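The residues making up each chain are set out below.
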Amino acid sequence: MKLRTTRITCLLLLCLLFTDARAQELMTNVYGRQLQSLNGKWDAIIDLYNQGRKNKIYLNRKPQGKTDFYEYAFDHGLRLNVPSDWNSQMPELKYYEGTVWYARRFDAPRQADQRLYLYFGAVSYRCRVYLNGEEIGSHEGGFTPFQIEVTDQVKESDNFLAVEVNNTHTTDAIPALAFDWWNYGGITRDVFLVSTPNVYIQDYFVQLDKEKPDQIDASVRLSEKVANQMVELEIPELRIRQRLATDSEGVARASFRAKKLQRWSPEDPKLYQVVISSESDKVEERIGFRNIGVKGEDIYLNDRPIFLKSVSFHEEIPQRRGRAFSEADAVMLLSEAKALGCNMIRLAHYPQNEYIVRIAEEMGFLLWEEIPIWQGIDFENDDTRQKAGYMIREMVTRDKNRCALAFWGVANETQPSAPRNEFLKYLIACCKEIDNTRLITAAFDLVRFNRESQVFVMDDPFIRELDVVAVNKYMGWYHQWPVTPDKAIWDVARGQPLILSEFGGEALYGKTGDADIVSSWSEDYQATLYRDNIEMFNHIPNLRGVSPWVLFDFRSPFRFHPTHQEDWNRKGLVSDQGYRKKAWYLMKEYFESIQ
Ligand code: GCU
């Protein structure tokens, strides 16, 4: 026991060390700050052999005399939209994995006592940032934001910003060498120049206490470790005004009662205007308040057991064959989930953009968010573990004020091993270091049929580290039925809530007939598969949620079949052109049947 405690303590210390190093770098609620958008068309150079850094093209030099010349120029060349992946912008870039340089100029007018930051919503997968010829920062991880202070490097006008982006997949990356989605590269989310007061409200966490239905716990951190700074937290609609003072760390904390609080729920996604002011800064946003917890095999939302009517989708607009990045994209994806009758979204398999998270909360969806610890990760590599720690902290820091977020997912389909267990325990520690209010989960593909007992079982002791256990099981697709669905009894993770986080099968929209032939890729076979799985749900005693894989057909280099797939994973309930398949209607009927 002592060894285990020591190990967790070490993990936490490791987390603290890195948390200190990194958590200061992300300001909360960037959309609530003073912003100058740097979105738009950027100049670009495709650097297939990674020659650009060696040749210092970020200096953007121009020939001066008669004898010097440069074999590059950013202006008058390729232009790429930001935000967007590059794959969907040019046919030649569809499969491109490598380096692309982005560049643009910008002016930075500002008042004297202001600080300036460059903020990137996400850059896939790794990048180095150069400003006016100097490297000012780098980031790894294709799905979480980062920012770089440029107060002292930026000029009033005509700044030259270059970003060297690379999306080559590697063994030590997250995700690693192969994954079942398109490896989109590029500056895939918003880019802002953010200005703040010298001492600003850097971070805050305002949520309902884990157990109490009417107590709000709040902490506000200033950008500087200054004590006795006045901080005020208001929730006008609740007639709450808390006047606080910061401690020597620059942090102010409070817990206070909130009478007549209307708790957020999918049926009633109530959000309150929360205004936080310090002596020199003011930030506001709409925040919801809800309780989420587990008792035995039940998941409780606001003191009532809930069944999760979930669905997954990738951050992709199929018709555009590209990454989703805008509010309009978020509304399209989420509206289809609302029409299906869902009360939860599993945002697979990586943190998706902030529009999707915020609009999902406004529309009334609980959320499961995860970093892409997807199958073959190098769990024995310390560098990889640190990277995963950064990513999960960036995800939790960005979204911890979103009450819709109920689950932090730490893994998808990993295989049991001591290194994997240690790696995931570190991630859980990193999560809880910032937010210990949400449920921790992970998806496993380890359920198997035990022929002696004629029961579906799973054996991975790691599940005891989780609040909720999730399993991906493709009965009728990757696994044929060993018994008829009405005899498919499960004995998995008893004593804990269980979510079927993935099930389903492929169908080419419009293909019909062959309702009993898997290789038909027909909608009728997919419908048969859904009917059979829905029957099986009745025989999983601790089932507390299902999440069909997947709402939309999505692109994947895994999917080679020349007529049925053509680089598309066709498990969508909706085709890549936006047409609902027969199974969509079965799923809607099932969700409607659940009270
Ligand atoms: C896995 C995996 C998904 C993948 C799916 C499939 O369970 O989690 O990312 O797309 O199976 O094979 O379609």
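Calculation rules
- Residues numbered from 1 in each chain as written.
- Predicted model: local features only at pLDDT ≥ 70, side-chain atom pairs only at ≥ 80, totals over all residues.
- Heavy atoms only, no water.
- Helix = DSSP H or I, 4+ residues; strand = E, 2+ residues; numbered from the N terminus.
- Rg over C-alpha atoms; globule rule 2.2 N^0.38 Å.
- Buried < 20%, exposed > 50% of the residue type's maximum accessible area, 1.4 Å probe, protein only.
- Contact = heavy atoms within 4.5 Å.
- Areas by Shrake-Rupley, 256 points an atom, 1.4 Å probe, with all protein chains shown as cover.
- Phe/Tyr/Trp six-rings, centres within 6.5 Å; stacked < 30°, edge-to-face > 60°.
- Lys NZ or Arg CZ within 6 Å of the ring centre and 35° of its normal.
- Salt bridge = Lys/Arg side-chain N within 4 Å of Asp/Glu carboxyl O.
- Axes fitted to C-alpha atoms, helices over the stretch in contact; angles between N-to-C directions.
- Parallel < 35°, antiparallel > 145°, perpendicular 65-115°, else oblique.
- Nonpolar A, V, L, I, M, F, W, Y, C, P; charged D, E, K, R; others polar.
- pLDDT = per-residue confidence, 0-100.
- Near = heavy atom within 4 Å.
- Polar contact = N/O pair within 3.5 Å; in protein donor to acceptor, adjacent residues only side chain to side chain.
- Pairing = 2+ DSSP bridges.
- Core = buried A, V, L, I, M, F, W, Y, C linked by side-chain atoms within 4.5 Å.
- Disulfide = S-S within 2.5 Å.

**Topic: the overall build of the chain**
No. 1: Each helix and strand counted, the chain has seven helices and 34 strands in total.
No. 2: Scaling as 2.2 N^0.38, a compact globule of 595 residues should have a C-alpha radius of gyration of about 25 Å, and the chain matches this with 25 Å.
No. 3: Its C-alpha atoms give the chain principal-axis dimensions of roughly 80 × 60 × 50 Å.
No. 4: The buried share of the chain, taken over its 595 residues, is 61%.
No. 5: Pairs at least 24 residues apart make up 73% of the contacts formed inside the chain by residues separated by at least 6 positions.
No. 6: Roughly 23,500 Å² of accessible area belongs to the chain as shown, and the carbon and sulfur atoms make up 50% of that amount.

**Quick look at the packing of aromatic side chains**
In this description, an aromatic ring pair is defined by two values, namely the gap between the centres and the angle between the planes.
No. 1: Inspection of every chain in the model, using the stated rule, returns 33 aromatic pairs.
No. 2: Taking 5.7 Å as the distance between ring centres and 75° as the angle between the ring planes, the aromatic pair formed by Tyr 117 and Tyr 200 counts as edge-to-face. You can see Tyr 117 sitting in strand E5 (residues 114-120) and its partner Tyr 200 sitting in the loop between strand E10 (191-197) and strand E11 (201-208), a full 83 residues away along the chain.
No. 3: Three or more aromatic residues joined by ring pairs make a cluster, and in this case those are Phe 143, Phe 179, Trp 181, Tyr 350, Trp 374 and Phe 558.
No. 4: Over the aromatic face of Trp 182 sits the side chain of Arg 555, whose NZ or CZ is 4.0 Å from the ring centroid.
No. 5: When the ring centre of Tyr 474 is taken as reference, the NZ or CZ atom of Lys 571 above it lies at 5.7 Å.

**Focus on the pattern of salt bridges**
No. 1: Summed over the entire model, instances satisfying the criterion amount to 48 salt bridges.
No. 2: A salt bridge links Glu 336 to Arg 580, with the nearest nitrogen and oxygen atoms 2.7 Å apart. One end of the pair, Glu 336, is in helix H2 (residues 327-340); the other, Arg 580, is in the loop between strand E34 (568-569) and helix H7 (582-592), and 244 residues separate them in sequence.
No. 3: A relative accessible area of 32% means that Arg 580 is categorised as partly exposed.

**As for the packing of H2 against H7**
No. 1: Their axes nearest at 8 Å, the elements H2 and H7 cross at an angle of 60°. The angle between H2 and H7 falls in the class oblique. Residues Glu 336, Ala 339 and Leu 340 of H2 form the contact with H7, whose participating residues are Trp 584, Met 587, Lys 588 and Phe 591.
No. 2: Tallied by class, residues from the contact of H2 with H7 come to five nonpolar, no polar and two charged.

**Details of the confidence of the model for the chain**
No. 1: Averaged over the chain, the pLDDT score is 95; the fraction of residues at 70 or greater is 96%.
No. 2: Low pLDDT, under 50, characterises residues 14-24; the stretch is placed with 23 contacts to residues that sit more than four places away or in other chains.

**What to know about the site of the ligand**
No. 1: Every one of the 14 residues lining the ligand counts as a neighbour, but Asp 180, His 349, Glu 413, Tyr 478 and Glu 502 are closest to it.
No. 2: Trp 549 has a polar side-chain atom sitting 3.1 Å from an oxygen atom of the ligand.
No. 3: Taken together, the residues that form the shell around the ligand break down as five nonpolar, four polar and five charged.

**A look at the pairing of strand E9 (residues 159-166)**
No. 1: Counting buried positions along E9 yields eight of eight residues, so the element is predominantly enclosed.
No. 2: Alternating positions in E9 separate into two faces, Asn 159, Leu 161, Val 163 and Val 165 on one and Phe 160, Ala 162, Glu 164 and Asn 166 on the other, with burial throughout.
No. 3: The pairing of strand E4 (residues 99-106) with E9 spans eight bridges and is antiparallel. If you follow Val 100 over to E9, its bridge partner there is Val 165.
No. 4: As paired strands, strand E6 (residues 126-131) and E9 are joined by six bridges and run antiparallel to one another. Within the sheet, the bridge partner assigned to Arg 128 lies in E9 and is Glu 164.

**Things to note about the sheet that holds E10**
No. 1: Pairing within the open sheet is antiparallel, and its four strands lie in the order E1-E10-E5-E8. Of all strands in the sheet, those bounded by a partner on one side alone are strand E1 (34-37) and strand E8 (146-149). Strand-to-strand twist across the sheet, computed as the mean angle between neighbouring axes with direction ignored, equals 30°.
No. 2: Two elements, E5 and E10, share seven bridges in a ladder whose sense is antiparallel. Within E10, the position partnered with Leu 116 by the bridge is Ser 195.

**Some thoughts on the nonpolar core**
No. 1: Residues Ile 373, Phe 407, Leu 427, Trp 490, Val 546 and Met 587 are the most contacted members of the largest nonpolar core, which totals 119 residues.
No. 2: Broken down by element, the residue count for this core peaks at eight residues, all from helix H5 (residues 418-434).
No. 3: Excluding residues that lie within four positions of it along the chain, Val 546 makes contacts with Phe 307, Leu 308, Lys 309, Ser 310, Leu 500, Phe 503, Phe 537, Met 587, Tyr 590 and Phe 591.

**What about unusual backbone geometry?**
No. 1: Cis peptide bonds are those with omega within 30 degrees of zero, and the linkage from Ser 124 to Tyr 125 qualifies with 15°.
No. 2: Within the secondary structure, Tyr 125 is located in the loop between E5 and E6.
No. 3: Between Ile 174 and the following residue, Pro 175, the backbone shows a cis peptide bond with an omega angle of 5°.
No. 4: Within the element layout of this structure, Pro 175 appears in the loop between E9 and E10.
No. 5: Non-glycine residue Asn 302 carries a positive phi angle of around 50°.
No. 6: Assessed through its relative accessible area of 12%, Asn 302 is described here as buried.
No. 7: With a phi angle near 55°, Trp 521 is a residue other than glycine that sits in the positive phi range.

**Observations regarding the sheet that holds strand E2 (residues 40-47)**
No. 1: One open sheet accounts for six strands, arranged E3-E2-E4-E9-E6-E7; its pairing is antiparallel. Every other strand in the sheet has two partners, leaving strand E3 (78-82) and strand E7 (134-140) as the edge strands with one partner each. This sheet shows a mean twist of 30° between the axes of neighbouring strands, independent of strand direction.
No. 2: Relative to E3, E2 runs antiparallel, the two sharing five bridges. Its bridge partner lying in E3, Lys 41 is registered against Asn 81.

**Here's the deal with the state of the cysteines**
No. 1: Overall, the coordinates contain zero disulfides when judged by the stated rule.
No. 2: The thiol of Cys 403 is unpaired, and the distance to the nearest cysteine sulfur, on Cys 431, comes to 17 Å.
No. 3: Of the residues examined, Cys 403 reaches a relative accessible area of 0% and is grouped as buried.

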